[in-house]
Amino acid sequence: MLKSKDLLGLKDKTAEEITEILDEAVEMKRYLCGSERTSALLAGKSLVTLFYENSTRTRSSFELAGKLLGATEVNISVATSSVQKGETLIDTGETLDSMKVDFIVIRHPMAGAPKLLAEHVKASVLNGGDGMHEHPTQALLDMFTIRERLGKIKGLKVAILGDIKHSRVAMSNLIGLRKLGAEVHMYAPATMIPKNMDKMGAVIAKSREEAVEGADAVMGLRIQLERQNGGLFPSLSEYSRFYGVNDNVLKLAKPNAIVLHPGPVNRGVELTPQVIDGEKSVILEQVTGGVAVRMALLKLLNEFREKNL
Amino acid sequence: MKLLIKGGTVVLADGEIKADVLVGEGKIVKIAPSINADGECKIINAKNKHVFAGLIDMHVHLREPGFEGKEDIESGSRAAVAGGVTQLCCMPNTDPVCDNAVVVNYIKNRAKEVNLCKVRPIGAITKGERGESLAEIGKMKAAGAVAISDDGKSVENSYIMRLAMEYANDFGIKCLCHCEDSSLADGGVVNEGYNSTLTGLKGSLRAAEDIMIARDIALAESLNIPVHICHVSTYSGAEIIKSAKARGVKVTAETCPHYFALTDDIITSYNTNTKVNPPVREEKDRLAIIKALKEGVIDCIVTDHAPHSLKDKQVEYNLAAFGISGIETVFALSYTYLVKTGALTLSELSEKLSSNPAKILGLEGGCLREGEVADITIADLNAKYKINSAQFYSKGKNTPFNGFEVYGKIEYTIVNGEIKFPF
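Because the structure is a prediction, the values reported are computed rather than measured.

## Concerning the overall build of chain B
Here is step 1: The number of helices and strands found in chain B is 13 helices and 18 strands.
Here is step 2: Relative to a compact globule of 423 residues, whose C-alpha radius of gyration would be 22 Å, chain B shows 20 Å and is just as compact.
Here is step 3: Over its C-alpha atoms, taken along the principal directions, chain B stretches across nearly 65 × 45 × 45 Å.
Here is step 4: The proportion of buried residues among the 423 residues of chain B is 59%.

See below:
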């Protein structure tokens with residue numbers, strides 16, 4: 001049983017709650033991949049996606065998850081909404097609440113925005129990514145995929161490489177994986193990794209080889225190309241040469257290791273095309289798992305709402 | 001009419017004495033045990049209370065002209081006297097910016113009409129606080145400005161800063177330096193450290209503050225001109241000041257209650273009332289700031305009173321305005337976190353809150369002495385209460401200290417021998 005109406009981050013979820021979501025997602029994936037997709041679990045419920053940043057997969061994944069369970073959906077595109085007219089986040093939230101919305105999925109460039117929204121609405125708020133803070137559903141789907149492929153999470157070595165400093169995916173994965181007992185090794189240029197990730201339970205590797213050696217799962221993070229202009233690294237080719245994951249690096253991982261990436265991938269930058277399309281890659285399975293995990297979350301949050309609100 | 005403060009403990013520069021204080025014609029007439037009232041005289045019973053020199057807050061944002069929704073000279077002055085402050089210096093980042101004698105005069109005249117505490121305007125260093133060319137420092141000084149500052153940011157161009165220090169020194173006034181290398185701070189909203197990583201809020205390194213402290217000290221040293229460093233928040237900044245003082249550089253410095261009472265653990269709540277510039281730092285900084293106060297490396301305590309309306313704070317953390325409404329809590333927080341803990345004596349506290357600010361800016365008041373102007377604050381140090389910003393007189397209710405249990409309640413605030421608080 002989840003313990004709160006919202007999913008703001010994995011920071012405030014227990015290992016039991018995370019496991020419950022992952023277990024439920026197993027059922028949901030079976031349903032998603034089956035031929036009888038006629039659930040009315042969320043019939044009469046409404047879900048709004050409120051995205052202040054661009055997104056393809058997170059948004060469509062949430063939309064499909066809701067629709068497959070029978071919920072009614074509205075997408076608010078910030079570019080064409082009253083936000084452009086200066087409406088505050090709190091006012092937007094209260095407006096949606098007055099429309100009796102049950103779930104709000106928010107993506108926002110600023111850390112803490114989902115929390116601010118959640119404090120002012122009765123609807124359940126699901127964080128679809130806030131600034132450099134958390135992206136809990138991405139981490140849940142990553143953990144779901146790892147567990148599905150490798151059978152467990154506890155005791156695994158997971159290597160995360162890329163722009164960790166600006167990555168909410170890295171943060172949520174670190175928190176979630178640590179809670180479920182995995183070791184998380186990280187590697188990135190010093191300009192792209194906060195100094196204190198070790199205090200949060202990460203092992204900071206001295207090279208990509210060290211990070212990947214003996215790993216069960218290797219996760220590449222997207223390099224946001226605009227960061228290069230910020231001077232965080234000199235060029236894409238230099239990044240790729242010293243920090244990218246290629247087949248040679250990947251040989252150091254366990255034989256049955258898997259390669260994850262939250263997408264969209266810059267082919268040839270953080271991962272070579274051979275790695276992306278190689279046999280270890282589970283990038284497309286992650287996408288399927290994403291819908292299942294989000295369905296599971298909506299179901300569980302709905303149960304919480306029916307019992308507690 | 002005369003005023004006789006009877007039976008209190010009087011806090012002097014060198015200790016406390018049980019004494020009465022007689023006030024007449026705006027001045028302190030006599031400090032002695034058992035003064036008898038003669039003629040028409042209002043008596044204040046100060047039994048079990050402490051009598052301090054009136055607080056002087058040399059770093060306040062009154063917001064008027066231009067931002068009266070946040071605060072105005074009247075509400076800010078009411079808040080000041082409620083907080084025990086008899087004299088304050090207000091920063092020039094108003095609209096229009098206080099970068100000319102007209103605005104200086106406007107503020108002085110409004111303060112005279114309000115007639116609560118003494119309001120001393122601080123002029124801008126550069127026109128429009130744009131950091132490009134010097135404001136009319138001489139005319140502002142002639143109109144009554146007591147210092148100059150581009151508070152809210154540093155004068156980025158070191159050459160302009162040099163010119164400002166040299167020019168202002170001719171007129172006998174100091175630059176009060178907000179120290180922040182904005183290119184390094186790069187839009188950071190909290191201290192860069194564990195908690196910034198944990199919250200995903202963009203951090204600002206200590207170095208962003210320290211670099212500018214070091215620069216302004218280097219200018220002061222090279223030019224042999226006094227300089228004052230605003231709101232020191234880092235342990236490393238305090239070290240830079242300490243070593244400069246040891247070399248004989250004419251540098252003075254201030255800090256604020258939030259830097260010795262809080263650590264950045266509070267930002268994990270995302271409460272925007274914790275957002276302040278410079279940001280609240282870590283425990284080692286907090287302890288170093290207390291030590292620096294104790295050692296005289298940091299000379300005084302100011303509030304950096306920065307009132308904001310609810311709409312400036314009820315938004316995403318990144319969008320929220322920087323600043324804490326602090327003028328009504330400065331005494332209790334300083335007493336609770338510095339004296340109660342044994343770090344400072346009452347005399348040292350009074351030095352930080354009153355006499356040193358007066359010395360730094362050459363202001364009247366700041367100490368209890370016969371013949372001195374009668375700016376006096378009386379407090380009940382045993383009174384224990386919870387801070388509740390709903391009760392603030394300031395329009396700005398933005399404090400991270402709501403619910404904090406503190407000691408030290410302001411009972412009377414006396415300005416020029418007149419009781420201004422309670423109202």
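## Considering the pairing of strand β6 (residues 183–187) of chain A
The side chains of a regular strand alternate between both faces of the sheet.
Residues and elements named next belong to chain A.
Here is step 1: Within β6, four of the five residues are buried, which leaves the element mostly enclosed by the surrounding structure.
Here is step 2: As judged from the five bridges shared by strand β5 (residues 157–161) and β6, these two strands associate in the parallel manner. Opposite L161, over in β6, you have Y187 as the bridge partner.
Here is step 3: Read as a crossover between parallel neighbours, the route from β5 over helix α6 (residues 168–179) to β6 is right-handed.
Here is step 4: The pairing of β6 with strand β7 (residues 202–204) spans three bridges and is classified as parallel. Residue M186 lies in a different strand from β7, and its bridge partner there is I204.

## Section: the interface of chain A and chain B
Here is step 1: Taken together, the contacts link 21 residues of chain A with twelve residues of chain B.
Here is step 2: When contributions to the side of chain A that touches chain B are tallied by element, the ones reaching two or more residues are α3 (89–98), α4 (113–118) and α6 of chain A.
Here is step 3: Counting residues per element, the side of chain A that touches chain B draws most heavily on α4(A), which supplies three residues.
Here is step 4: Residues of the side of chain A that touches chain B, tallied by class, amount to eleven nonpolar, five polar and five charged.

## Remarks on the sheet that holds strand β13 (residues 227–229) of chain B
Residues and elements named next belong to chain B.
Here is step 1: If you walk across this open sheet you meet the four strands as β10-β13-β14-β15, and the pairing is parallel. The open sheet has two edge strands with one neighbour each: β10 (176–177) and β15 (300–301).
Here is step 2: When β10 meets β13, the two strands line up parallel, connected through two bridges. Residue pairing in the sheet places L176 in a bridge with H228 of β13.

## Looking at the packing of helix α5 (residues 136–150) of chain A against α6(A)
Residues and elements named next belong to chain A.
Here is step 1: Interhelical geometry of α5 versus α6 gives an angle of 55° and a closest axis separation of 8 Å. With respect to each other, α5 and α6 are oriented oblique. In this structure, α5 crosses over α6, and the sense of that crossing is right-handed. Contacts between α5 and α6 involve P136, Q138, A139, L140, D142 and M143 from the first element and V169, S172, N173, G176 and L177 from the second.

## Considerations on the pairing of strand β5 (residues 50–53) of chain B
Here is step 1: As paired strands, strand β1 (residues 2–12) of chain B and β5(B) are joined by two bridges and run parallel to one another. Pairing of V10(B) across the sheet is with V51(B), part of β5(B).

## Details of the domain arrangement of chain A
All names here are of chain A.
Here is step 1: Each domain of chain A was delimited in the assignment, giving domain 1 (15–133 + 287–308) and domain 2 (136–284).
Here is step 2: Computed from C-alpha coordinates alone, the two centres of domain 1 and domain 2 are separated by 26 Å.
Here is step 3: Counting from both sides, the interface comprises 21 residues of domain 1 and, opposite them, 17 residues of domain 2.
Here is step 4: If you list the elements that add at least two residues to the side of domain 1 that touches domain 2, you get α1 (15–33), β4 (124–130) and α12 (283–308).

## Let's talk about the domain arrangement of chain B
Residue and element names in this part refer to chain B.
Here is step 1: The assigned domain composition of chain B is domain 1 (2–50 + 373–393 + 404–421) and domain 2 (53–361).
Here is step 2: Spacing between the C-alpha centres of domain 1 and domain 2 amounts to 27 Å.
Here is step 3: If you look at the interface, domain 1 gives 25 residues, while domain 2 gives 29 residues.
Here is step 4: Of all elements in the fold, only β1, β2 (15–24), β16 (376–386), β17 (405–415) and β18 (418–421) reach the threshold of two or more residues within the side of domain 1 that touches domain 2.

Cut-offs and rules
Residues numbered from 1 in each chain as written. Chains lettered and ligands numbered in written order. Predicted model: local features only at pLDDT ≥ 70, side-chain atom pairs only at ≥ 80, totals over all residues. Helix = DSSP H or I, 4+ residues; strand = E, 2+ residues; numbered from the N terminus. Rg over C-alpha atoms; globule rule 2.2 N^0.38 Å. Buried ≥ 20, exposed ≤ 12 C-beta atoms within 10 Å, placed from the backbone. Pairing = 2+ DSSP bridges. Right-handed = clockwise from strand over helix to strand, strands pointing away. Contact = placed C-beta atoms within 7 Å. Nonpolar A, V, L, I, M, F, W, Y, C, P; charged D, E, K, R; others polar. Axes fitted to C-alpha atoms, helices over the stretch in contact; angles between N-to-C directions. Parallel < 35°, antiparallel > 145°, perpendicular 65-115°, else oblique. Left-handed = near helix turned anticlockwise from the far one by under 90°. Domains from an automatic or database assignment.

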